[in-house]
Amino acid sequence: MKSSLSYHHGIAAIPEMFRPAFNHREPRDINIQVYYHYNLRAEPRTTVAALTHAYIIGWAPEKRLLAPDFTVYPGERRRVADLKLADLSPMAGLLPLLS
């Protein structure tokens, strides 16, 4: 499981704007991406991770995160899969695989 956060973009924009946070060494059999969304302009202002601000974006098997080309986040050296969060599988598709 990997988590990330955004305080510049609304939750509706996150799946099309961001990539899974797993670098090329981290993927396992099942990989789940959680995103925390903070609205620093709202009252009360949220600055600490809380379940009420957590969104489970989706999941991907290891080979899906290792198959695409890798890219680098702007301003970082961390290489991540060149996929959008919107390309991840929905969590409902994972449940039958776990039973």
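The structure displayed is predicted, hence computed values, not measured ones.

Draft legend 1. The arrangement of the overall build of the chain in detail. Within the chain one finds three helices and five strands. Starting at the N terminus, the α and β elements of the chain follow one another as β-α-β-β-α-β-β-α. Computed over its C-alpha atoms, the radius of gyration of the chain comes to 14 Å, within 12% of the 13 Å expected for a compact globule of 99 residues. Expressed along its principal axes, the backbone C-alpha trace of the chain runs to roughly 40 × 35 × 20 Å. Approximately 6500 Å² of the chain is accessible, and the part contributed by carbon and sulfur atoms is 55%. Positive and negative side-chain charges of the chain, numbering 12 and 9 respectively, have mean locations separated by a distance of 4 Å.

Draft legend 2. Representation of the nonpolar core within the structure. One finds Ile14, Phe18, Phe22, Tyr35, Ala60, Leu65, Ala81, Leu83, Leu85 and Leu88 forming the largest nonpolar core, which totals ten residues. When sequence neighbours within four positions are dropped, the list of residues in contact with Phe22 reads Met1, Lys2, Pro27, Asn31, Ile32, Gln33, Leu65, Arg79, Val80 and Ala81. In terms of nonpolar packing, the next biggest core, distinct from the first, is built from six residues, Ile32, Val34, Tyr38 and Trp59 among them.

Draft legend 3. Structural view of the layout of surface pockets. What the largest pocket holds in volume is close to 190 Å³. Taken together, Ser4, Leu5, Ser6, Tyr7, His8, His9, Phe18, Ala21, Tyr35, Tyr73, Glu76 and Arg78 make up the lining of the largest pocket. Among the elements that line the lining of the largest pocket, the one with the most residues is strand E1 (residues 2-6), at three residues. In terms of residue class, the lining of the largest pocket is made up of six nonpolar, four polar and two charged.

Draft legend 4. Structural detail: the packing of aromatic side chains. All chains considered together, the criterion is met by one aromatic pair. For the ring pair Phe18 and Tyr35, a centre distance of 5.4 Å and an interplane angle of 35° mean the geometry is tilted. Linking Phe18 in the loop between helix H1 (14-17) and strand E2 (30-37) with Tyr35 in strand E2, this pair joins segments that are 17 residues apart in sequence. On the basis of relative accessibility, which here comes to 18%, the residue Phe18 falls in the buried class. Given a relative accessible area of 3%, Tyr35 falls into the buried group.

Draft legend 5. Main features of the pattern of salt bridges. Inspection of every chain in the model, using the stated rule, returns two salt bridges. Close ionic contact of Glu26 with Lys2 constitutes a salt bridge, the shortest N to O distance being 2.9 Å. Here Lys2 lies in strand E1 and Glu26 lies in the loop between H1 and E2, a separation of 24 residues in the sequence. Here Lys2 falls in the partly exposed class, since its relative accessible area comes to 21%. For Asp82, the salt bridge goes to Arg19, with nearest N and O atoms at 2.9 Å. Here Asp82, found in the loop between strand E5 (79-81) and helix H3 (95-98), pairs with Arg19, found in the loop between H1 and E2; they are 63 residues apart in sequence, far enough to count as distant.

The rules behind each value
Residues numbered from 1 in each chain as written. Predicted model: local features only at pLDDT ≥ 70, side-chain atom pairs only at ≥ 80, totals over all residues. Heavy atoms only, no water. Helix = DSSP H or I, 4+ residues; strand = E, 2+ residues; numbered from the N terminus. Rg over C-alpha atoms; globule rule 2.2 N^0.38 Å. Areas by Shrake-Rupley, 256 points an atom, 1.4 Å probe, with all protein chains shown as cover. Lys, Arg positive; Asp, Glu negative; His and termini not counted. Charge placed at Lys NZ, Arg CZ, Asp CG, Glu CD. Core = buried A, V, L, I, M, F, W, Y, C linked by side-chain atoms within 4.5 Å. Buried < 20%, exposed > 50% of the residue type's maximum accessible area, 1.4 Å probe, protein only. Contact = heavy atoms within 4.5 Å. 1 Å grid on protein atoms, 1.4 Å probe; cavity = no way out; pocket = protein on both sides within 12 Å on 5 of 7 lines; lining within 4 Å. Points joined across faces, edges and corners; volume = space filled by probe spheres on them. Nonpolar A, V, L, I, M, F, W, Y, C, P; charged D, E, K, R; others polar. Phe/Tyr/Trp six-rings, centres within 6.5 Å; stacked < 30°, edge-to-face > 60°. Salt bridge = Lys/Arg side-chain N within 4 Å of Asp/Glu carboxyl O.

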